[in-house]
Every structure is written in structure tokens, then in C-alpha cells.
Amino acid sequence: MTAYAAPPRTKILLAVTPDNADRLQSILGGHEVVFVKTSQEAMHLLSTDGFGIVILGVHFDESQMFTLLSDIRAHAKYRKVPILCVRGDRRRALSEVAIEGLDHAVKAMTANGFLDLRHFPDDAEGNATIRRIVDYLILIDGDLTHLARAQGHPVLGIEERRRPSG
């Protein structure tokens with residue numbers, strides 16, 4: 001594992017379900033994490049405060065993630081701010097095809113990434129990996145392709161697989 005420079009303390013808008021909020025707030029200690037419970041609260045805070053990254057949960061506010069993502073990107077102040085979409089619902093497993101579909105959909109709507117938290121154990125190593133992903137998004141302003149090309153990072157392989165062939 002390569003070392004990385006942690007980003008400066010960043011204000012993070014956390015719009016996820018309460019069951020995911022506890023884990024993510026713990027993982028993101030050291031940053032200023034603002035947890036919201038509704039899309040209206042999120043948009044109000046986004047219009048009045050500055051955030052360095054937004055983390056949206058698939059099931060946030062009655063599954064309003066896509067609507068909120070669209071609303072955030074429509075806001076001039078947040079067109080380029082990194083947005084990470086997450087899923088952490090432990091009650092219902094989704095097929096890999098469904099997960100891949102969510103990944104493509106959030107990226108088509110200009111989010112910077114999608115994480116299924118179920119793929120990261122809730123332990124020191126799994127949580128450290130999630131933290132590194134968020135920190136990288138903050139450090140590079142969400143430009144994962146740039147990071148991949150600059151450092152030969154495995155993300156480049158993921159992005160290349162997404163491109164239509166032929």
C-alpha cells in the first residue's frame with residue numbers, strides 16, 4: 001500500500017440513512033461532517049454553506065439520491081464539487097449487475113464515484129480503505145481519471161472497462 005498525504009480538514013455533507021451515518025462519521029473523523037436527514041435540509045445547507053465533498057446514500061430520504069444528485073449539480077456552486085454515492089443497506093443484497101447499473105447511473109449523472117459499503121468490512125482495514133477513497137476525492141477534486149493516468153492507479157483499468165468497445 002502506498003502512502004498518501006491526507007487532505008486538509010474538509011467540510012463534508014453527509015446525506016445518507018442513519019444506519020450508514022454512524023459508520024461514515026466515525027470513518028471521516030478529523031473532517032467537519034454535517035449529517036442531514038432530508039433532501040430539503042441538504043439543499044438549504046448547500047445554498048448557505050461551502051462543502052468540499054458530498055456523500056449521498058442510495059436510500060437517503062426515501063431513495064431520493066438521484067433527485068438530490070441532479071439538484072446539487074444544477075447548483076452553480078456545486079457543479080464541480082466531488083460527489084460520492086454510497087449504498088450500505090445490509091438488509092437486502094443486490095446482484096452485481098444491479099450494483100454495476102447503479103455505478104454507471106451515478107456516473108452518468110456526474111457523480112464522481114459509487115461505493116457499495118457492503119464490500120468493505122466494518123473493521124480497521126475496510127474503514128481505512130473507505131477513508132482513503134474519500135480523501136483521494138477531496139485531494140484531486142473528484143478527478144479519478146486524472147489520478148489514474150498520473151500514477152498508473154488501478155482506477156484507470158476500471159474506467160477503461162466502462163468505455164464502449166469498438
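Fair warning: this is a prediction, and the values are worked out from it, not measured in the lab. (Residues numbered from 1 in each chain as written. Predicted model: local features only at pLDDT ≥ 70, side-chain atom pairs only at ≥ 80, totals over all residues. Heavy atoms only, no water.)

Engineer: Requested: an account of the nonpolar core, with residues and values cited.
Structural biologist: With 25 residues, the main nonpolar core has Leu13, Leu56, Ile72, Ile83 and Cys85 as its most contacted residues. Of all the secondary-structure elements, those providing two or more residues to this core are strand 1 (11-15), helix 2 (39-48), strand 3 (53-57), helix 4 (65-74), strand 4 (83-87) and helix 5 (96-108). Broken down by element, the residue count for this core peaks at four residues, all from helix 4. Setting aside residues up to four positions removed in sequence, Leu13 forms contacts with Val34, Val36, Ala42, Leu45, Leu46, Phe51, Ile53, Val54 and Ile55. Counting 18 residues, the second-largest nonpolar core is a separate cluster that includes Leu24, Ile55, Val86 and Val134. (Core = buried A, V, L, I, M, F, W, Y, C linked by side-chain atoms within 4.5 Å. Buried < 20%, exposed > 50% of the residue type's maximum accessible area, 1.4 Å probe, protein only. Helix = DSSP H or I, 4+ residues; strand = E, 2+ residues; numbered from the N terminus. Contact = heavy atoms within 4.5 Å.)

Engineer: Summarise helix 6 (residues 124-139); cite the residues concerned and give the values.
Structural biologist: Across its 16 residues, helix 6 extends 22 Å between first and last C-alpha, which sits within 8% of the 22 Å expected from 1.5 Å per residue. Every buried residue belonging to helix 6 is among Gly126, Asn127, Ile130, Arg131, Arg132, Val134, Asp135, Tyr136, Leu137 and Ile138, and all of these are buried. At the N-terminal end of helix 6, a side-chain oxygen is found 3.2 Å from the backbone nitrogen of Glu125, two or three residues along, and the residue is Asp123. (Expected span 1.5 Å × (residues − 1). Polar contact = N/O pair within 3.5 Å; in protein donor to acceptor, adjacent residues only side chain to side chain.)

Engineer: I'd like a rundown of unusual backbone geometry, residues and numbers included.
Structural biologist: Of note in this structure, Ser63 is not a glycine but carries a positive phi near 65°. On the accessibility criterion, Ser63 (44% relative accessible area) is partly exposed. Notably, Thr110 is not glycine yet its phi reads approximately 75°, a positive angle. Checked against the element boundaries, Thr110 lands in the loop between helix 5 and strand 5 (113-116).

Engineer: Give a description of the environment of Ile99 that names residues and reports values.
Structural biologist: Looking at where Ile99 falls in the secondary structure, it is placed in helix 5. Under the relative-accessibility criterion, Ile99 is labelled buried at 7%. Sequence-wise, Ile99 and Arg87 are 12 residues apart; in three dimensions their C-alpha atoms are separated by 9.1 Å. Filtering out sequence-adjacent residues up to four positions away, Ile99 remains in contact with Arg87, Leu94, Phe114 and Asp116.

Engineer: Requested: an account of the packing of helix 1 (residues 18-27) against helix 6, with residues and values cited.
Structural biologist: Where helix 1 meets helix 6, the axes come as close as 9 Å, and the angle between the chain directions of the two elements is 75°. Overall, the two elements helix 1 and helix 6 adopt an arrangement that is roughly perpendicular. Residues Arg23, Leu24 and Ile27 of helix 1 form the contact with helix 6, whose participating residues are Gly126, Asn127, Ile130 and Arg131. A breakdown of the residues in the contact of helix 1 with helix 6 according to their chemical character gives three nonpolar, two polar and two charged. (Axes fitted to C-alpha atoms, helices over the stretch in contact; angles between N-to-C directions. Parallel < 35°, antiparallel > 145°, perpendicular 65-115°, else oblique. Nonpolar A, V, L, I, M, F, W, Y, C, P; charged D, E, K, R; others polar.)

Engineer: Account for helix 4, naming residues and giving values.
Structural biologist: Within the span of helix 4, buried status applies to Met65, Leu68, Leu69, Ile72 and Arg73. Buried residues of helix 4, seen end-on, are gathered within an arc of 130° and therefore sit on one face of the element. (Arc of directions from axis to C-beta.)

Read these as layout, nothing more, since geometry by itself doesn't imply function.
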